[in-house]
Amino acid sequence: MPEIMGEDKNKKALQFIEDVTANADEVQKRVLAEILSRSVDVEYLRRHGLNGRTDRETFKKVVPVVTYEDLRQDIERIANGDASPILCSKPISEFLTSSGTSGGERKLMPAIEEELGRRGLLYSLLMPVMNQFVPGLEDGKGMYFLFIKSEARTPGGLVARPVLTSYYKSSNFKDRPYDPYTNYTSPNETILCADSYQSMYSQLLCGLCQNQEVLRVGAVFASGFIRAIRFLEKHWALLCNDIRTGTLDSRISDPSVRESVAMILKPNPKLADLIEKECGGESWRGIIPRLWPNTKYIDVIVTGTMSQYIPTLDYYSNGLPLVCTMYASSECYFGLNLNPLCKPSEVSYTLIPTMAYFEFLPVNRRNGFTDSAPKLTSLSAEEQRELVELVDVKLGEEYELVITTYAGLYRYRVGDILQVAGFKNKAPQFNFMCRKNVVLSIDSDKTDEVELQNAVKNAAIHLAPFEASLIEYTSCVDTSTIPGHYVLYWEIGHVGETSIPPSVFEDCCLTLEESLNSVYRQGRVSDKSIGPLEIKVVEGGTFDKLMDYALSQGASINQYKAPRCVKYAPIIELLNSRVASNYFSPKCPKWVPGHKKWCNNS
């Protein structure tokens, strides 16, 4: 793998992108052959009859397209300590935890040491691309809110943690050489602090202290950046006092954090006066350029479900450019945005052919949309033959991404739906459309229709003692609150004479939350990235009104069924106009750090 370094590294990085995209199919053949040649003795491939072959034709003929469920037993063997080459010839160094399955468990993605270098390569390409559009970024710093999350150990002793936690804790990040793209206002110690309050407070404080040096601000997700601004709304007076006096608040007790912040924090009454004036005013519109006047853009993911946060970001930033730089997941890092100053609705990602071997399953839409979200299942032989190569996708068509990685995933369905937006040389550029099956998402949580149905079923049991039952329901995400929260609209059939106390609906809210996956519950309990779930009880006949509206818009009465999630503003307005009462979860659900099936918490 080429290393991008030296005085002309920007030029070399851009040339690297040109070369691999111009020769995309040749690179893809080489990547697949390289993966397969080092996996000759891998049990999984031998089981499927590859027998040491490394050509693309045989691979596609004998190796099936799979989901996580198909790999679960092999992954559990590795997690339990089997060190034989089950999925990969290289030793599995750790597991990267992906979003929760419908059973509430996180997915465990195998990782190998060399993947850190591959991810590092993609990071090294970001700044050279950005410099073409926003010159001079090397003259300042980035105020990025970066955090680690909890990790666990499997019985075999392997660490299981989110991909960004793995990266931030690696020497690649902690001991990184100076690079303008990773020149942050936050010291490493503040990023690596496990206490979310102390980490957020200290990162904000350091960002404020260096406000004139900040040229770009950001977080991984739009929701995370907005959460930081909301934290500032609540705690600006404390932060102001620290800056005025040059002393760190006593609630920041982590010794390494205090020591690192002390290197930056000095008494600055003039800056404290500015913060007090701007934060104490009537409106927070444009607060970002008011406090960080040299900011050129906001670097956050605003594609997919994160697009719901665009109006809020525009409000706080006075319309600063919103930049989505890269496309990645726990399974693999994929590609980058070569036109970073485009509108959020036009963001497309160019897949870098060296990152993995990519295939694409055409998505069949009925009447222009899919009205339900079936679970990922195994494909028929005919469906497997439909998969196309990276260079053979068609402009405007939608595909589900399928990957083969160096770390032991073979023809694995990631679950992302992409639409071809254009091409960089021979390499396609994709708009991210959605996650397959996901109906609700606020931050890193992903709740699918089956999981939501099970949670609702569990919660509705509380109505039975009052001779009441749930007639129909739907849901939405409310991002008018910060953090955002799930809203369930319930229509109740009540034949009993005893009224239903508010506490019963609060119990329903809590049961719903207890029934959702660990990623959701971690967001509620530890990360504070999700607010309390809300049930809105609507008047009788509301879902009949909803059907009438759908029919008036051209839906077929024979095919209509109540949507389990709604996003269209007129429908949400209709539902809200018929709310009789609403209730919130009275407390956080239970959540224990680590994998629920196995862990020695660390």
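A. Representation of the packing of helix H11 (residues 222–245) against helix H15 (residues 310–317) within the structure. At their nearest, the axes of H11 and H15 sit 10 Å apart, and the two run at 45° to each other. Judged by the angle between their axes, H11 and H15 are oblique. Every pair of crossing elements has a handedness; the one defined by H11 and H15 is left-handed. Two secondary-structure elements touch here, H11 through Ala222, Phe225, Ile226, Ile229 and Glu233 and H15 through Thr312, Leu313 and Tyr316. Looking at the contact of H11 with H15 residue by residue, the classes come out as six nonpolar, one polar and one charged.

B. Molecular detail of the side chain of Arg227. Tracing the chain through its elements places Arg227 in helix H11. Arg227 sits in the buried class, given a relative accessible area of 16%. Setting aside residues no more than four positions away along its own chain, Arg227 makes contact with Met200, Asp443, Ile482, Asp527, Lys528 and Ser529.

C. How the structure looks around the sheet that holds strand E6 (residues 214–221). Ordered in space as E3-E6-E7-E8, the four strands form an open sheet in which the pairing is parallel. Each edge of the sheet is formed by a strand with only one pairing partner; in this case those strands are strand E3 (141–145) and strand E8 (322–323). Strand direction decides the pairing type here: E3 and E6, joined by five bridges, are parallel. Residue pairing in the sheet places Met143 in a bridge with Val217 of E6. Sheet strands in contact with H11 are E3, E6 and strand E7 (297–301), and its direction is about 120° off that of E6.

D. Main features of the nonpolar core. In terms of nonpolar packing, the biggest core is built from 170 residues, with Phe225, Ile288, Phe358, Phe360, Leu401 and Trp490 touching the most fellow members. Take this core: its biggest share by element is eleven residues, from H11. Those residues in contact with Leu401, other than ones at most four positions away along the chain, are Tyr327, Phe334, Leu351, Phe358, Glu359, Phe360, Tyr412, Arg413, Val414, Gly415, Asp416 and Leu418. Core analysis: the next-biggest nonpolar cluster, separate from the first, contains eleven residues, Cys476, Tyr489, Val566 and Leu575 among them.

E. Spatial organisation of the confidence of the model for the protein. With 89% of its residues at a pLDDT of 70 or more, the protein has an overall mean of 83. Per-element confidence in the protein ranges from a low mean pLDDT of 66 for helix H16 (residues 381–385) to a high of 93 for helix H14 (residues 287–291). Here residues 1–7 is a poorly scored stretch, pLDDT under 50, and it has twelve contacts once near neighbours within four places are set aside; other chains count. Here residues 365–375 is a poorly scored stretch, pLDDT under 50, and it has 13 contacts once near neighbours within four places are set aside; other chains count.

F. Focus on the sheet that holds strand E21 (residues 534–538). Spatial ordering of the open sheet is given by E19-E20-E21-E22, a layout of four strands whose pairing is mixed. Bordering the open sheet on either side are strand E19 (468–478) and strand E22 (579–584), each of which pairs with just one other strand. Mean inter-strand twist for the sheet, computed between neighbouring axes without regard to direction, equals 25°. Here helix H17 (residues 449–460) sits on the sheet in contact with E19 and strand E20 (485–494), set at roughly 135° to E19.

G. Highlighting the state of the cysteines. By the definition in use, this model includes zero disulfides. Left unpaired, Cys342 is separated from the closest cysteine sulfur, that of Cys324, by 7.4 Å. In this structure Cys342 comes out as buried when scored by relative accessible area, which is 9%.

H. Layout of unusual backbone geometry. Non-glycine residue Arg411 carries a positive phi angle of around 55°. With respect to the helices, strands and loops of the structure, Arg411 is situated in the loop between strand E14 (398–404) and strand E15 (412–424). Look at Arg411 and you get buried, because its relative accessible area is 0%. For Glu467, which is not glycine, the phi dihedral falls at a positive 55°. Inspection of the secondary structure assignment puts Glu467 in the loop between H17 and E19.

I. Seen up close, the environment of Leu488. Its place among the elements puts Leu488 in strand E20. Expressed as a C-alpha distance, the spacing of Leu488 and Cys565, which sit 77 residues apart in the sequence, is 8.9 Å. When sequence neighbours within four positions are dropped, the list of residues in contact with Leu488 reads Leu452, Val456, Tyr473, Thr474, Ser475, Leu512, Leu533, Glu534, Ile535 and Lys536.

J. Spatial organisation of the packing of aromatic side chains. Counting across every chain of the model gives 22 aromatic pairs. The rings of Tyr123, Tyr144, Tyr167, Tyr168, Phe173, Tyr184 and Tyr333 are connected pair by pair, giving a single aromatic cluster. The ring of Tyr333 has Arg119 sitting right over it, with the charged end atom 5.8 Å from the ring centre. Looking at Arg176, its charged tip hangs above the ring of Phe173, at a distance of 4.2 Å from the centre.

K. Focus on the pattern of salt bridges. This structure, assessed with the given rule, holds 29 salt bridges. With its nearest N and O atoms 2.8 Å apart, the salt bridge here joins Arg161 to Glu94. A residue pair is termed long-range when its members are at least 10 positions apart, and Arg161 in strand E5 (residues 159–161) and Glu94 in strand E1 (residues 94–100) qualify at 67 residues. Both residues of the pair, Arg161 and Glu94, belong to the buried class. Linked by salt bridges that have partners in common, Asp25, Arg56, Lys60, Glu359, Glu389 and Arg411 make up one network.

Thresholds applied
Residues numbered from 1 in each chain as written. Predicted model: local features only at pLDDT ≥ 70, side-chain atom pairs only at ≥ 80, totals over all residues. Heavy atoms only, no water. Axes fitted to C-alpha atoms, helices over the stretch in contact; angles between N-to-C directions. Helix = DSSP H or I, 4+ residues; strand = E, 2+ residues; numbered from the N terminus. Parallel < 35°, antiparallel > 145°, perpendicular 65-115°, else oblique. Left-handed = near helix turned anticlockwise from the far one by under 90°. Contact = heavy atoms within 4.5 Å. Nonpolar A, V, L, I, M, F, W, Y, C, P; charged D, E, K, R; others polar. Buried < 20%, exposed > 50% of the residue type's maximum accessible area, 1.4 Å probe, protein only. Pairing = 2+ DSSP bridges. Core = buried A, V, L, I, M, F, W, Y, C linked by side-chain atoms within 4.5 Å. pLDDT = per-residue confidence, 0-100. Disulfide = S-S within 2.5 Å. Phe/Tyr/Trp six-rings, centres within 6.5 Å; stacked < 30°, edge-to-face > 60°. Lys NZ or Arg CZ within 6 Å of the ring centre and 35° of its normal. Salt bridge = Lys/Arg side-chain N within 4 Å of Asp/Glu carboxyl O.

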